[in-house]
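# Coordinates in review
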Amino acid sequence: EREAIKWFKPVSGQFKIYYKDGIHHREYLPDFVAELDYRVIMVETKARRDMTDTLVESKAEAAKKWCVNATDYLIRNGGKPWEYILIAHDDVHENRDLKGFASIM
């Protein structure tokens, strides 16, 4: 991401985001996280056919809740808000940046 101040691929245990998969609670790792000027964005890309899959939706809800909690804390303590976006793989093009995705989400 050319607009990012920094970005990284999270590793296991870094965020402690858990989603429900049947009777199990599994760890969710987004594809990457990018820090922009005024926010931090947690990004997941999926095949368009998987965008409404139950597990994808469960992971997205868990990540959104995590971002709300992180934002609440960080805004009170001088940090940036967090946002989660789920992007269909065929919407990813060289001429689109994360700011564009975030502004339409």
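Up top you'll find the structure we're talking about.
Description of the structure in this document. Predicted, not measured: the structure shown is a model, and the values here were computed from it.

Within the chain, lysine 16 stands out as a residue other than glycine whose phi angle is a positive 55°. Looking at where lysine 16 falls in the secondary structure, it is placed in the loop between strand E1 (6–8) and strand E2 (17–21). Look at lysine 16 and you get exposed, because its relative accessible area is 55%.

It is worth spelling out the pairing of strand E4 (residues 32–35) at this point. Here E1 pairs with E4 via three bridges, running antiparallel. Bridge pairing in E4 links lysine 6 to glutamate 35. For E4 and strand E5 (residues 40–46), the ladder comprises four bridges, and the chain directions are antiparallel. Each residue of the ladder has a partner; that of valine 33, found in E5, is methionine 42.

The next thing to look at is the sheet that holds E5. Spatially, four strands are ordered E1-E4-E5-E6 in an open sheet, and the strand pairing comes out mixed. On the outer flanks of this sheet lie E1 and strand E6 (82–88), each paired with one strand and no other. Averaged over neighbouring strand pairs, the angle between their axes works out to 20° when direction is ignored. Taken together, the seven bridges between E5 and E6 define a ladder with parallel strand orientation. For lysine 46, the partnering residue across the bridge sits in E6 and is alanine 88. In the packing of helix H1 (residues 54–76) onto the sheet, contacts are made with E5 and E6, and the angle to E6 comes to roughly 155°.

For H1, which comprises 23 residues, the first-to-last C-alpha distance of 34 Å matches the rise-based estimate of 33 Å (1.5 Å per residue) to within 8%. All of the buried residues in H1 are Val56, Lys59, Ala60, Ala62, Ala63, Cys67, Ala70 and Thr71. Looking at the buried residues of H1, the elements they touch are E2, strand E3 (24–28), E5 and E6. The backbone nitrogen of leucine 55 has a side-chain oxygen 2.9 Å away, supplied by the residue at the start of H1, namely aspartate 53. Backbone geometry just downstream of H1 places glycine 78 in the positive-phi region, at approximately 80°.

What follows covers the environment of lysine 65. With respect to the element layout, lysine 65 can be found in helix H1. Taking the C-alpha atoms as reference points, lysine 65 and isoleucine 17, separated by 48 residues in sequence, lie 9.1 Å from one another.

Before going further, it helps to spend a moment on the nonpolar core. What tends to happen in soluble globular proteins is that the nonpolar side chains get buried as a cluster. If you look at the biggest cluster of nonpolar residues, it comprises 18 residues, and the most contacted ones within it are Phe15, Ile17, Tyr28, Val33, Met42, Trp82 and Tyr84. Breaking this core down by element, the ones donating at least two residues are E2, E5, H1 and E6. Looking at which element gives the most residues to this core, the answer is H1, with six residues. With near-sequence residues (within four places) excluded, tyrosine 28 lies in contact with Ile17, Tyr19, Glu44, Lys59, Ala63 and Tyr84. Counting residues in each nonpolar core, the second largest holds seven residues, with Ala4, Ile41, Val43 and Ile85 among its members.

Reading guide: rules and limits
Residues numbered from 1 in each chain as written. Predicted model: local features only at pLDDT ≥ 70, side-chain atom pairs only at ≥ 80, totals over all residues. Heavy atoms only, no water. Helix = DSSP H or I, 4+ residues; strand = E, 2+ residues; numbered from the N terminus. Buried < 20%, exposed > 50% of the residue type's maximum accessible area, 1.4 Å probe, protein only. Pairing = 2+ DSSP bridges. Axes fitted to C-alpha atoms, helices over the stretch in contact; angles between N-to-C directions. Contact = heavy atoms within 4.5 Å. Expected span 1.5 Å × (residues − 1). Polar contact = N/O pair within 3.5 Å; in protein donor to acceptor, adjacent residues only side chain to side chain. Core = buried A, V, L, I, M, F, W, Y, C linked by side-chain atoms within 4.5 Å.

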